Amino acid sequence: MKIDRRTMLGGAAAAAGLAGLPGGAQAQSRAETMRQVTGNAINTLDPTMLGSTREAFGLSMNVYDRLIAFGRKQVDGNWVFDQSQVRGELAERHEVSADGRTITLHLRSDAKWHDGTPVTAEDIKWSLDRCVSARSLAVSQFQTGSLTSTDQFRIAGPRTIQVMVDKPDRLALHNLGVPYAIMINSTLAKKHATAEDPWAQAWLQNNTAASGAYIVETFRPGEQVVLRRNENWKGGVDGALPYFRRIICQTVPEAATRANLVERGDADLSIDLQASDIDSLRSRGRVKVVSIPQTNGFTHIAFNTRMAPFDNVKVRQAVAAALPYEDMFKAALFSQGRKLFGATWEGTPPDASFPQPLPLRTDLDAAKRLLAEAGMPDGFATPFAFSAGQAATAEPVAALLKESLGKIGIRVDIQKLPDAQFNTAAAEKKMPFYTDAGTAWLPATYYFFYLYFTRDQRWNFASWDNPRITELANKARFEQDPAAYEAQCREMISILAAEKPLLMVWQPNQDAVMGPKVEGYTYQFHRQVDFRDLKRAG
Amino acid sequence: MSATAYGTPSTLRHVGWVLRGNPLTALAAAGAALLLFVGVAAPWLVPYDPIASDVAIALQPPSAAHWFGTDQLGRDILSRIMMATRLDLAIAASAVGISFLAGAVIGAVCGYRGGRLDRTVGRVVDVLMAFPLFVLAMAMVAALGNRVENIVIATAVINLPFYIRFARAEVNVRRNAGWVEAARAAGDSHLSVVLRFLLPNILPAMAVQISLNLGWAILNAAGLSFIGLGVTAPTPEWGIMVAEGARFITSGKWWLVAFPGLALMLSVLCFNLLGDGLRDILDPRMRT
Amino acid sequence: MSGAPPDGASPGTPEEAAAAAAEEVVRGTGGTHHTGVLSGIGRRIGRRLLSSLPAILGVVVLTFLLMRVLPGDPAVFFASGPSAGQEEIEALRRDLGLDKPIPVQLLRYLGDVATGNLGRSLTTGQPVVTDLRQRLPASLELTLCALLIALSLAVPLGILAALRPGSPVDHAVRFVCTLGVCVPTFVSGLLLIYVFYYLLGWAPDPTGRIDIFAATPPDITGFLLVDFAITGNWEGWWSAAMQLLLPACTMALFVLAPLARMTRASMLAVLGSDFVRTARSVGLPRWRVVVVYALRNALLPVLTIAGIVFSTMLGANVLVEKVFSWPGVASYALDALLSSDYAPVQGFVLLMASIFVLVNLLVDILYGIADPRVSME
């Protein structure tokens, strides 16, 4: 009888698991298992779903393949993502036409979905169409690469696909490597599509149709996800399989507990511990702490440039001159990270990289003078908001800011808002003065400006509308001449430094705490763990 | 339990007897008095400005200069604890005060009048009672904004049903007592009967509850702080100091949580033991 | 107001509960029930369930409105991907029905609830009913174990105190129990973890209900201890029990005081009653009088309190679940609340209110069965 046999098998498997494999084999399997603990939850297996968490993005990098993948490089002895290297993942190679308007991708001949069926050009076309058609997070991301319509994706051969853009967009190719650009087994997915849900979004939320390095074994949203290695994976560098056979990704809300777990060796990795714990973990020396500046992210203090008194550039400059940057850096981050304040240049920046330190310095006299010039010698009152989720670093910042601004007559009322409220207020542009953070997946200088300083949208934190910046950002996007591009970027940076719509204060470190034998941790542009990078030293 | 028995010389003797027989209550009373004193006199007692930061001396363990150490911003923890006493007592007292006053009046009126009003209020109380109360408090603070007054209101609301029921039951038992009838016959209005005769008589029994609730209100505020819905920095408050300090346990900076935790614990302990003692004093069976 | 304790003041905190029940005992109003036969009990259950419906409805409506007052907009929060724009936010809002006026939303929600649909959680992406069904056993198991631990400590302590009222033993018991209620549960939880897991290494890692590397039990009842026992897997049973121990102790500490106080008060009342005096006067051994005659009668009010404490704990163990990464319903509701995810919070509150009603009912029935006065009538 079928049912009986299945129960029996299940029972036998459970018994084998519990009765304990021979000691050696069990130790072996633990060594090849990676247990990551995180404070946040993975809420979907489809990263493009509206409302997916950052952890869901990270997971999808391991479960789904994209057409292309980015390389990594060593910086100060640590691994960091490198988007100047683009390699094939599902595609074995790609070419960009001379005019920069056509990208041709050739699929691997041996690429297989998790169910063993071969990956076809039709699957790829369907997946790319889904990114620009389904109601999902992918649509607006793909727009930043000028990818907006299904007409832009063409099947050019049994294993060849072409992506076409009207103008040579700097980031068209790169967008194919972001977490949203997942390649889906369309035959499988279509079985679960319905008339209202042609892209099988409901089904893919809890199931996968993927080809990536890992296969989802169990998925308990908000609790844990268990992955096992896909032994047929071909998308790695030189076709190599990742080291770990099994991945357990578990949600442990309390940061102190996560620190305990890693330090006692029960967990192997955590990337979201508190800055306050990092120091003591490092000094006790039982774990390995890898600290890497988040080169594509930034913490900022934003003014709403459309709201009085911050619509006045003098007021913004006055506040900028009154902030105790060094103290804030020390209190919030325990001096761990990269400062974006304190540069000594005036006028034009030394290079076109971004974010880079801007000339922000504490000078209370200048602050008082600027405030008087703004017509408010006696100061004013303003709220200052941050989200409860960022309290560990934002609370000291707020306290110091309040104290320091008090010295020039600005009375600050600190507001700690629950995350949902904070995000709503930010999206509705209701907060005059607040601190928040941003991360750009594709950290090109123009992309930062395009994303964070133009248009009337959620991520224009300061609601800044500077015609010159808008013009430059749009020009730089399609600029083919490197020298002209660099000049445009420098000009944007110098305008930002003068106008101060928001103050980028620092790039916090990504502190990854891991067992002493874990190697290869790489800081990825999506700020999550890519398990394929990791191994355990013998 | 005769309502008129309170306040007679025999009661005073009884109080003295209970206090002698129950050193804990006496100790708790002394502790509460001390808390009150610190709360009132804190601004003159603190050795340092509890708000002023000095990052250069952040996170220092207890020393001669800073008896309880310093926090992340280099603020003196002892000063912050002393200042916090004032705010915490104020939060607890006003939360319990509001729920007691509102609850006693609503409950007394319902118990006295009965009828449809009584039934309607009873229904509302039923609804509140069936709520998971901490979650109700959380939701209210989240909805109204995490300011001190909203924490007070949330705490008051979740205590309200108890006071309403208690007052209602007490008044209901007494409304037909001889002395109430007598007052009414002497021309007192209903309002005056409730306010002048019935309410004062249920006060002592409620004192037990008030004392217990004071402690509980402080715990409630601490719990709210832990999940990020408490008083906002840089205002010193025990709950938020404990909640933030608790996260430093792992890194070995014990003074951040130990001292505010101790202050919080001792004050809750005082109020609880005091409530307990009051119950003994009011318990008629203890007198024999 | 009926005099039976479960109907009477059943306030929010264990402290208040104790105070209320103590009051009932002092006045001797506990247990004046009128029905004794089974059909009577059945009728009473029906009547009680029916009469609690308005309260449940009130809870549903109130929660619904409270969630709508929250300044956070779930659509904005959940569509906040790195590149989400206004369009995604609007789309999600339409999806959730948030573009409709509030009365329409409420009516629709009530209709859904009536058909057993509690909506979908944005945080986990699952239907709320599924989430709650998966997580409720975890919360129930934890709370029940905590209650058992608390009772097994509080009852002996209470008896001890009652045997020598006013003695140092009495004061010591009172002091120790009160200490437990003075420490916020998140502090005692973190301390227990620090000492027993981090420093001593006695406890297993505080991350949920079962060792992550162990095999999960077959999902029969959802109560791990029961499931492991059914399958005869005692190794698994032991591991689950060890996981349970620290969080259960954290919770037990917090409710020790009301239970011990109730036991003491109730024992005092019984020890002073006529039949115990009679039993003593006929020369029965002291322990026999205490255990057989006094304790049996004194336990009824304790049972009442235990019921109230249970439903309070279930709703109030948010922080314990959070600290121990316990996959229960309360931490689920907390996460949802902080991200303005309406449906799970509403579902949770509804569930808690229903359990509150059921537990009260259960206590009432047990009381009716156990109280000798009921069967005599």
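Keep in mind the model is a prediction, meaning the values are calculated, not measured.

**So, unusual backbone geometry**
Residue and element names in this part refer to chain A.
Move 1: Between Ala-308 and Pro-309 the backbone carries a cis peptide bond, its omega angle lying at 0°.
Move 2: Structurally, Pro-309 can be placed in the loop between β13 (297-303) and α10 (313-322).
Move 3: Omega for the peptide link from Phe-354 to Pro-355 comes to -10°, which places this bond in the cis form.
Move 4: Positive phi, close to 50°, is recorded for Asp-76, a residue that is not glycine.
Move 5: Along the chain, Asp-76 turns up in the loop between β2 (68-75) and β3 (78-88).
Move 6: Phi angles above zero are rare outside glycine, and Ser-335 is one such case at about 60°.
Move 7: Its location among the elements puts Ser-335 in the loop between α11 (325-333) and β14 (337-339).
Move 8: With relative accessibility at 39%, the residue Ser-335 sits in the partly exposed group.

**Here we look at the interface of chain B and chain C**
Move 1: The partner chain C presents 57 residues to the 54 residues of chain B that form the contact.
Move 2: Regarding the contact of chain B and chain C, the summed buried area is about 5,000 Å², with carbon and sulfur atoms giving 76% of it.
Move 3: Counting every contact that joins chain B to chain C gives two salt bridges.
Move 4: Linking Asp-276 of chain B and Arg-174 of chain C is a salt bridge whose minimum nitrogen-to-oxygen distance equals 3.0 Å.
Move 5: Counting across the interface, chain B meets chain C through two residue pairs in polar contact (both at pLDDT 80 or more).
Move 6: Elements that contribute at least two residues to the side of chain B that touches chain C include exactly α2 (23-45), α4 (115-130), α5 (133-144), α6 (148-174), α8 (190-226), α9 (238-246) and α10 (255-282) of chain B.

**What to know about the sheet that holds strand β7 (residues 160-164) of chain A**
All names here are of chain A.
Move 1: The four strands are arranged β4-β5-β7-β6 in an open sheet whose pairing can be described as antiparallel. Lying at the two open borders of the sheet, with one neighbouring strand each, are β4 (91-96) and β6 (153-157). Here the average twist between neighbouring strands, direction ignored, is 25°.
Move 2: With five bridges connecting them, strand β5 (residues 102-107) and β7 associate as antiparallel partners. Bridging from a neighbouring strand, Ile-103 pairs with Val-163 of β7.
Move 3: In the packing of helix α4 (residues 121-133) onto the sheet, contacts are made with β5, β6 and β7, and the angle to β6 comes to roughly 170°.

**Let's talk about the sheet that holds β3 of chain A**
All names here are of chain A.
Move 1: Taken in spatial order, the three strands line up as β2-β3-β20 in an open sheet, and their pairing is mixed. What marks the edges here is a single partner per strand, and that holds for β2 and β20 (522-523).
Move 2: Inspection of the sheet shows β2 paired to β3 by eight bridges, in the antiparallel sense. Each bridged residue has a counterpart across the sheet, and for Gly-71 the counterpart in β3 is Asp-82.

**So, the environment of Phe-153 of chain A**
Residues and elements named next belong to chain A.
Move 1: Its place among the elements puts Phe-153 in strand β6.
Move 2: Taking relative accessible area as the criterion, Phe-153 reaches 2% and is therefore assigned buried.
Move 3: C-alpha of Phe-153 to C-alpha of Pro-516: the two residues are 363 residues apart in sequence and 46 Å apart in space.
Move 4: Non-local contacts of Phe-153, meaning those with residues more than four positions away in its chain, are made with Lys-125, Leu-128, Asp-129, Val-132, Leu-147, Gln-162 and Val-163.

**Observations regarding the packing of aromatic side chains**
Residues and elements named next belong to chain A.
Move 1: Going through the model one piece at a time under the given rule, you end up with 37 aromatic pairs over all chains.
Move 2: Summarising the aromatic geometry, the rings of Phe-303 and Phe-433 are spaced 5.3 Å apart at their centres and angled 5° between planes, so their arrangement reads as stacked. Separated by 130 residues along the polypeptide, Phe-303 in strand β13 and Phe-433 in strand β17 (residues 433-439) bring together distant segments of the chain.
Move 3: Relative accessible area serves as the criterion here: at 0%, Phe-303 is assigned to the buried category.
Move 4: A relative accessible area of 1% means that Phe-433 is categorised as buried.
Move 5: Every member of this aromatic cluster is reached through a ring pair, and the members are Phe-298, Phe-354, Phe-448, Phe-449, Tyr-452, Phe-453, Trp-459, Phe-461 and Trp-464.
Move 6: When the ring centre of Trp-79 is taken as origin, the NZ or CZ atom of Arg-72, which lies over that ring, is 4.0 Å away.
Move 7: Above the face of the Tyr-450 ring, Arg-477 is positioned so that its terminal group lies 5.0 Å from the ring centre.

**What about the UniProt feature "transmembrane region" (unreviewed entry) in chain B?**
All names here are of chain B.
Move 1: In the numbering used here, UniProt assigns the "transmembrane region" (unreviewed entry) feature to residues 24-46, 89-112, 124-145, 151-167, 214-234 and 254-275.
Move 2: Here residues 151-167 runs as 100% helix and 0% strand, with 24 Å between its end C-alpha atoms.
Move 3: Regarding residues 254-275, the helix share stands at 95% and the strand share at 0%, and the terminal C-alpha atoms are separated by 31 Å.

**What about the side chain of Asn-185 of chain A?**
Move 1: Counting through the fold element by element, Asn-185 of chain A comes out in the loop between β7 and α6 (186-191).
Move 2: For Asn-185 of chain A, the residues in contact, after removing those within four places along its chain, are Trp-113, Asp-115, Thr-117, Asp-123 and Ala-209 of chain A.

**What to know about the confidence of the model for chain A**
Move 1: Chain-level pLDDT for chain A is 90 on average; 95% of the residues reach the 70-or-more range.
Move 2: Here residues 1-24 of chain A is a poorly scored stretch, pLDDT under 50, and it has eight contacts once near neighbours within four places are set aside; other chains count.

**Details of the nonpolar core**
Move 1: By size, the foremost hydrophobic cluster in this structure holds 203 residues, and its most contacted members are Phe-186 and Met-267 of chain C.
Move 2: Per-element accounting of this core gives the leading share, 17 residues, to helix α10 (residues 234-271) of chain C.
Move 3: Non-local contacts of Met-267 of chain C, meaning those with residues more than four positions away in its chain, are made with Ile-159, Ala-162, Val-290, Ala-294, Leu-295 and Ala-298 of chain C.
Move 4: Of all hydrophobic cores here, the second largest spans 174 residues; its members include Cys-131, Ala-200 and Cys-249 of chain A together with Phe-78 of chain C.

**Let's talk about the pattern of salt bridges**
Residue and element names in this part refer to chain A.
Move 1: Enumeration over the complete set of coordinates arrives at 44 salt bridges over all chains.
Move 2: A salt bridge links Arg-245 to Glu-32, with the nearest nitrogen and oxygen atoms 3.0 Å apart. You can see Arg-245 sitting in the loop between β9 (224-229) and β10 (246-251) and its partner Glu-32 sitting in the loop between α2 (23-31) and β1 (33-38), a full 213 residues away along the chain.
Move 3: Judged by its relative accessible area of 13%, Glu-32 falls in the buried class.
Move 4: Here Glu-95 ties to Arg-93 by a salt bridge, and the two come within 3.0 Å at their closest N and O atoms.
Move 5: Its relative accessible area of 43% is what places Arg-93 among the partly exposed residues.
Move 6: Overlapping salt bridges, with partners in common, bring together Glu-32, Arg-229, Glu-231 and Arg-245 in one network.

Parameters at a glance
Residues numbered from 1 in each chain as written. Chains lettered and ligands numbered in written order. Predicted model: local features only at pLDDT ≥ 70, side-chain atom pairs only at ≥ 80, totals over all residues. Heavy atoms only, no water. Helix = DSSP H or I, 4+ residues; strand = E, 2+ residues; numbered from the N terminus. Buried < 20%, exposed > 50% of the residue type's maximum accessible area, 1.4 Å probe, protein only. Contact = heavy atoms within 4.5 Å. Buried area = accessible area lost by both parts, 1.4 Å probe. Salt bridge = Lys/Arg side-chain N within 4 Å of Asp/Glu carboxyl O. Polar contact = N/O pair within 3.5 Å; in protein donor to acceptor, adjacent residues only side chain to side chain. Pairing = 2+ DSSP bridges. Axes fitted to C-alpha atoms, helices over the stretch in contact; angles between N-to-C directions. Phe/Tyr/Trp six-rings, centres within 6.5 Å; stacked < 30°, edge-to-face > 60°. Lys NZ or Arg CZ within 6 Å of the ring centre and 35° of its normal. UniProt positions renumbered as here; feature names shortened; annotations may be inferred. pLDDT = per-residue confidence, 0-100. Core = buried A, V, L, I, M, F, W, Y, C linked by side-chain atoms within 4.5 Å.

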